[in-house]
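What follows is the residue order along each chain.
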Amino acid sequence: MTEDPRTGTHRPEHRMWVGQPPRNRRDLLIKLLWIGVWLVFLSSPLQDLISGDHGTGATVAGSVGLTAFVGFYLTLVFRNMGRPFSARAVIVLLAVLCVLAVVLAGTLGTPWLGLFVYLSVACGATLPLRAAYWAIPASAALMYLVGLYAGEDQAVGLVVLVLLIGFAMTGIRQLVRTTVELREARATVAQLAANEERLRLARDLHDLLGHSLSLITLKSELAGRMLPGDPAKAAQQVADIEQVSRQALVDVREAVTGYRRPRLAAELAGTRVALTAAGVTAEVPAEPDLTGVGEDAESALAWALREAVTNVVRHSGADRCVVQLLHRQTLDGPHLELSVEDNGSGGSGKGPGNGLTGLAERLEKAGGTLEAGRARRGFRLVARVPTATSVDVGSGA
């Protein structure tokens, strides 16, 4: 299918791919025309038949032999474009072509030596390359031996033609094979790109909706508890829920279109609000020092902070959480390190969930690393990304 640039709709694609069998009558006619063009070398045998130089019997026998030769040749070459014959059938058909070429050229004269051109083309088109490299010179040598009886000069000239056209056919075969392999590789790359895009979208939606829905749930519970005794505060929680919902909707739309880049400063501000709403004492740096940090690395850290805080709120049961953002000099060079540590009991899962797996993939693409596990007093997540410039060890927000 191809897209019409004027209407934006898709219409059937009429292009005929190289190396594929004909899919309809139009493709069949195109391939027949392509093969038929090369029947130009039959002009000499045809002229010899209608010239009247041979008797009636020889003319009839030559016509039948030429018809049989062309029929076998077209069958062999045309079938090879779609569903090739077996190796044994190919060898039999090539032997028939060889016998017909030898008999016709040996009995009817020099004009029939052009049949060996088709024998060479058939060898180059149907035999394995290693076998074709021997069969083509053998066809040229056989033609030369047959031509010795009718006209040596013309036979010598045709030897070069037989060799050139035969080896040219092997080159065309390799070109067709390469085209088919490239087309398959392009389809594979497109499939991998689609899979990668689906994984990216799944990670984005998990990170976006997990955090936002957790915050909405917390504020809904707070609003439910406040509603009987303090309607004003409950109304404020409902207003916060509305704001978070609208922002989540905007984030999802931006994630789907692929343009969303979360900012670390905004995530730090949201972290403070989310932890406070969950009743967790929060220590969060005010402003991040992003010296030397690229956009991809900053986005990866922002996603890591969001996932870590979501896990603290939903699974840890903690009442205290410390967020640190430090520049450190490591053996691999300068890095910006994000640390989120709580004093909770952690989740009930036995292994890393989808969120941590997605974070590890994001950080790996940004050249960073992820560490997550039990700490002395709770759970600790550490995400690191490389920075472009060197800074003092231990300095940070």
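Caption draft 1: Structural view of the pairing of strand β4 (residues 320-330). Relative to β4, strand β3 (residues 281-283) runs parallel, the two sharing 3 bridges. Each bridged residue has a counterpart across the sheet, and for Thr281 the counterpart in β4 is Arg320. Here β4 pairs with strand β5 (residues 333-342) via 10 bridges, running antiparallel. Each residue of the ladder has a partner; that of Cys321, found in β5, is Asp342.

Caption draft 2: Highlighting the nonpolar core. Counting residues in hydrophobic clusters, the biggest one holds 40 residues, and the most contacted among them are Leu94, Leu97, Trp112, Leu115 and Phe116. For Phe116, the contacting residues outside a window of four places in its chain are Ala101, Val102, Ala105, Ser139, Leu142, Met143, Val146 and Val162.

Caption draft 3: A look at helix α4 (residues 87-108). Between its terminal C-alpha atoms α4 stretches 31 Å, which fits the 32 Å expected from 22 residues at 1.5 Å a residue. Here α4 has its buried residues at Val90, Leu93, Leu94, Leu97, Leu100, Ala101, Leu104, Ala105 and Leu108. Around the axis of α4, the buried residues are gathered within 125° of arc, so they sit on the same side. In this structure, α4 carries Ala87, Arg88, Ile91, Val99, Gly106 and Thr107 as exposed residues pointing more than 90 degrees from its buried face. Gly109 lies just past α4 and shows a positive phi near 110°.

Caption draft 4: Looking closely at empty space enclosed by the protein. One pass over the structure, following the stated rule, counts 2 cavities of 30 Å³ or more. Volume-wise, the largest cavity comes out at about 50 Å³. Lining the largest cavity are His211, Ser214, Leu215, Leu218, Ala274, Val309, Thr310 and Val313. Contributing elements (two or more residues each) for the lining of the largest cavity: α7 (152-226) and α10 (295-316). Sort the elements by how many residues they give to the lining of the largest cavity and α7 lands first, with 4 residues.

Caption draft 5: Highlighting the environment of Val160. Take Val160: it is sitting in helix α7. Counting along the chain gives 23 residues from Val160 to Pro137, while the straight-line C-alpha distance between them is 9.8 Å.

Calculation notes
Residues numbered from 1 in each chain as written. Predicted model: local features only at pLDDT ≥ 70, side-chain atom pairs only at ≥ 80, totals over all residues. Heavy atoms only, no water. Pairing = 2+ DSSP bridges. Helix = DSSP H or I, 4+ residues; strand = E, 2+ residues; numbered from the N terminus. Core = buried A, V, L, I, M, F, W, Y, C linked by side-chain atoms within 4.5 Å. Buried < 20%, exposed > 50% of the residue type's maximum accessible area, 1.4 Å probe, protein only. Contact = heavy atoms within 4.5 Å. Expected span 1.5 Å × (residues − 1). Arc of directions from axis to C-beta. 1 Å grid on protein atoms, 1.4 Å probe; cavity = no way out; pocket = protein on both sides within 12 Å on 5 of 7 lines; lining within 4 Å. Points joined across faces, edges and corners; volume = space filled by probe spheres on them.

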